[in-house]
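# Per-entry structural report
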Amino acid sequence: SIPASVTSIGYGAFHECRELTTVNFATASQLTTIAQNGFSECPLTNPTLPSQLVTIGSYSFYHNHLTGALTIPATVTSIGENAFERKDGLETSPLETLVIGDGPGLTIGPAAFKYQAFTTITIPDPVATNTTNSDTMGATGASFNGLYRPSGNGNAGTYHYDTDTKTWSKIS
(Lines give C-alpha, C1' and ligand atoms only; values in the text may rest on other atoms or scores of the structure.)
Protein backbone atom coordinates (compact mmCIF):
# COMPACT_ATOMS: atom_id res chain seq x y z
CA SER A 1 0.00 0.00 0.00
CA ILE A 2 1.35 3.44 -0.96
CA PRO A 3 0.77 5.94 1.88
CA ALA A 4 -1.28 9.09 1.23
CA SER A 5 1.75 11.32 1.94
CA VAL A 6 3.78 9.98 -1.02
CA THR A 7 3.81 12.55 -3.84
CA SER A 8 6.05 10.80 -6.35
CA ILE A 9 7.05 7.28 -7.36
CA GLY A 10 10.65 7.68 -8.53
CA TYR A 11 12.47 6.39 -11.58
CA GLY A 12 12.42 2.58 -11.58
CA ALA A 13 11.14 2.46 -7.98
CA PHE A 14 9.34 -0.87 -8.42
CA HIS A 15 10.95 -1.95 -11.70
CA GLU A 16 10.99 -5.75 -12.08
CA CYS A 17 9.26 -6.42 -8.74
CA ARG A 18 8.10 -9.83 -9.99
CA GLU A 19 5.91 -10.53 -6.94
CA LEU A 20 4.05 -7.21 -7.11
CA THR A 21 0.60 -8.13 -8.46
CA THR A 22 -1.44 -5.38 -6.80
CA VAL A 23 -0.78 -1.85 -5.66
CA ASN A 24 -3.13 0.16 -3.48
CA PHE A 25 -2.96 3.91 -3.21
CA ALA A 26 -4.24 5.26 0.10
CA THR A 27 -7.48 7.19 0.26
CA ALA A 28 -6.71 10.90 -0.15
CA SER A 29 -3.47 10.01 -1.97
CA GLN A 30 -1.28 13.01 -2.77
CA LEU A 31 0.57 11.13 -5.52
CA THR A 32 1.05 13.38 -8.56
CA THR A 33 3.86 11.64 -10.46
CA ILE A 34 4.77 8.12 -11.46
CA ALA A 35 8.20 8.47 -13.05
CA GLN A 36 9.72 6.48 -15.88
CA ASN A 37 9.74 2.72 -15.20
CA GLY A 38 7.96 3.30 -11.88
CA PHE A 39 6.14 -0.05 -12.02
CA SER A 40 7.60 -1.50 -15.24
CA GLU A 41 7.97 -5.26 -15.67
CA CYS A 42 5.68 -6.02 -12.69
CA PRO A 43 2.74 -8.43 -12.97
CA LEU A 44 0.24 -5.75 -11.87
CA THR A 45 -3.25 -6.61 -13.10
CA ASN A 46 -5.57 -3.70 -12.41
CA PRO A 47 -4.27 -0.66 -10.53
CA THR A 48 -6.72 2.08 -9.57
CA LEU A 49 -4.84 5.27 -10.23
CA PRO A 50 -5.14 8.00 -7.59
CA SER A 51 -7.35 10.98 -8.40
CA GLN A 52 -4.57 13.59 -7.92
CA LEU A 53 -2.19 12.00 -10.43
CA VAL A 54 -0.79 14.43 -13.02
CA THR A 55 2.08 12.65 -14.79
CA ILE A 56 2.41 9.03 -15.88
CA GLY A 57 5.99 8.67 -17.06
CA SER A 58 7.34 6.73 -20.01
CA TYR A 59 7.34 2.96 -19.51
CA SER A 60 5.75 3.42 -16.07
CA PHE A 61 3.46 0.35 -16.39
CA TYR A 62 5.40 -1.26 -19.26
CA HIS A 63 4.88 -5.02 -19.62
CA ASN A 64 2.43 -5.26 -16.72
CA HIS A 65 -0.38 -7.83 -16.85
CA LEU A 66 -3.19 -5.25 -16.96
CA THR A 67 -6.65 -6.65 -17.61
CA GLY A 68 -10.24 -5.41 -17.78
CA ALA A 69 -10.63 -1.64 -17.53
CA LEU A 70 -8.27 1.24 -16.88
CA THR A 71 -9.42 4.70 -15.84
CA ILE A 72 -7.08 7.65 -16.32
CA PRO A 73 -8.01 10.38 -13.80
CA ALA A 74 -9.09 13.77 -15.17
CA THR A 75 -6.08 15.38 -13.45
CA VAL A 76 -3.56 13.55 -15.68
CA THR A 77 -1.99 15.86 -18.28
CA SER A 78 0.75 13.57 -19.62
CA ILE A 79 1.11 9.88 -20.41
CA GLY A 80 4.62 9.05 -21.56
CA GLU A 81 5.68 6.85 -24.41
CA ASN A 82 5.08 3.11 -23.96
CA ALA A 83 3.58 3.84 -20.53
CA PHE A 84 1.03 1.01 -20.66
CA GLU A 85 2.59 -1.16 -23.35
CA ARG A 86 1.43 -4.74 -23.06
CA LYS A 87 3.97 -7.51 -23.44
CA ASP A 88 3.42 -8.99 -26.91
CA GLY A 89 2.23 -12.59 -26.66
CA LEU A 90 1.22 -12.32 -23.00
CA GLU A 91 -1.33 -15.03 -22.29
CA THR A 92 -3.55 -13.11 -19.84
CA SER A 93 -6.53 -11.11 -21.09
CA PRO A 94 -5.59 -7.59 -22.19
CA LEU A 95 -7.07 -4.29 -21.20
CA GLU A 96 -10.41 -4.04 -22.96
CA THR A 97 -11.74 -0.70 -21.75
CA LEU A 98 -9.98 2.65 -21.45
CA VAL A 99 -11.74 5.59 -19.81
CA ILE A 100 -9.96 8.93 -19.86
CA GLY A 101 -11.31 11.53 -17.44
CA ASP A 102 -12.41 14.89 -18.81
CA GLY A 103 -9.67 17.20 -17.59
CA PRO A 104 -7.74 20.28 -18.68
CA GLY A 105 -5.97 18.56 -21.57
CA LEU A 106 -3.93 15.42 -21.97
CA THR A 107 -0.98 14.48 -24.16
CA ILE A 108 -0.49 10.79 -24.90
CA GLY A 109 3.00 9.78 -26.02
CA PRO A 110 3.95 7.41 -28.84
CA ALA A 111 3.05 3.74 -28.35
CA ALA A 112 1.57 4.55 -24.92
CA PHE A 113 -0.90 1.64 -25.15
CA LYS A 114 1.00 -0.58 -27.60
CA TYR A 115 -0.42 -4.12 -27.93
CA GLN A 116 -3.47 -3.36 -25.76
CA ALA A 117 -6.59 -4.79 -27.40
CA PHE A 118 -9.17 -2.18 -26.45
CA THR A 119 -12.76 -2.73 -27.49
CA THR A 120 -14.07 0.41 -25.78
CA ILE A 121 -12.43 3.81 -25.39
CA THR A 122 -14.07 6.81 -23.73
CA ILE A 123 -12.07 9.93 -24.47
CA PRO A 124 -12.68 13.64 -23.88
CA ASP A 125 -11.64 16.57 -26.00
CA PRO A 126 -8.96 17.79 -26.26
CA VAL A 127 -6.54 14.88 -26.07
CA ALA A 128 -3.35 15.11 -28.10
CA THR A 129 -2.36 11.68 -29.38
CA ASN A 130 0.58 10.72 -31.52
CA THR A 131 -1.21 9.98 -34.77
CA THR A 132 1.96 9.07 -36.64
CA ASN A 133 2.48 6.01 -34.42
CA SER A 134 -0.27 3.49 -35.11
CA ASP A 135 0.38 1.74 -31.76
CA THR A 136 -0.33 4.80 -29.59
CA MET A 137 -3.92 3.78 -28.78
CA GLY A 138 -3.31 0.02 -28.82
CA ALA A 139 -3.28 -2.84 -31.27
CA THR A 140 -6.19 -1.33 -33.22
CA GLY A 141 -5.07 2.26 -32.76
CA ALA A 142 -4.51 3.26 -36.37
CA SER A 143 -8.20 3.05 -37.24
CA PHE A 144 -9.16 4.65 -33.90
CA ASN A 145 -6.95 7.68 -34.56
CA GLY A 146 -8.63 8.17 -37.94
CA LEU A 147 -12.06 8.27 -36.31
CA TYR A 148 -11.10 10.37 -33.27
CA ARG A 149 -9.09 12.92 -35.26
CA PRO A 150 -10.74 13.09 -38.68
CA SER A 151 -9.59 16.67 -39.32
CA GLY A 152 -6.88 17.06 -36.69
CA ASN A 153 -9.30 17.97 -33.89
CA GLY A 154 -10.50 15.60 -31.19
CA ASN A 155 -13.97 14.12 -31.23
CA ALA A 156 -14.99 13.39 -27.62
CA GLY A 157 -17.12 10.35 -26.93
CA THR A 158 -17.23 6.62 -26.40
CA TYR A 159 -15.96 4.39 -29.17
CA HIS A 160 -16.43 0.67 -29.72
CA TYR A 161 -14.22 -1.71 -31.69
CA ASP A 162 -16.00 -4.50 -33.55
CA THR A 163 -13.66 -7.49 -33.54
CA ASP A 164 -15.54 -9.10 -36.45
CA THR A 165 -15.40 -6.17 -38.86
CA LYS A 166 -12.19 -4.80 -37.31
CA THR A 167 -13.55 -1.24 -37.28
CA TRP A 168 -14.15 1.45 -34.68
CA SER A 169 -17.42 3.33 -34.39
CA LYS A 170 -18.52 6.18 -32.17
CA ILE A 171 -21.40 5.03 -29.96
CA SER A 172 -21.99 8.20 -27.93
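Scoring rules and cut-offs
- Residues numbered from 1 in each chain as written.
- Predicted model: local features only at pLDDT ≥ 70, side-chain atom pairs only at ≥ 80, totals over all residues.
- Heavy atoms only, no water.
- Pairing = 2+ DSSP bridges.
- Helix = DSSP H or I, 4+ residues; strand = E, 2+ residues; numbered from the N terminus.
- Buried < 20%, exposed > 50% of the residue type's maximum accessible area, 1.4 Å probe, protein only.
- Contact = heavy atoms within 4.5 Å.

## Focus: the sheet that holds strand β3 (residues 55-56)
Here we have six strands laid out as an open sheet, ordered β1-β2-β3-β5-β7-β9, and parallel in their pairing. A strand with exactly one partner marks an edge of an open sheet, and here the two such strands are β1 (8-9) and β9 (127-129). Bridge count between strand β7 (residues 106-108) and β9: three bridges; the pairing is parallel. Across the sheet, Thr 107 pairs through a bridge with Ala 128, a residue of β9.

## Brief notes about the side chain of Ser 40
Mapped onto the elements, Ser 40 comes out in the loop between β2 (33-34) and β3. Given the relative accessible area of 0%, Ser 40 is considered buried. The contacts of Ser 40, once residues within four sequence positions are left out, are Phe 14, His 15, Glu 16, Tyr 59, Ser 60, Tyr 62 and Asn 64.

## Structural notes on the pairing of strand β8 (residues 120-123)
The sheet contact formed by strand β6 (residues 95-100) and β8 spans three bridges and is parallel. What sits directly across from Val 99, in β8, is Thr 122. Inspection of the sheet shows β8 paired to strand β10 (residues 157-162) by four bridges, in the antiparallel sense. Across the sheet, Ile 121 pairs through a bridge with Tyr 159, a residue of β10.

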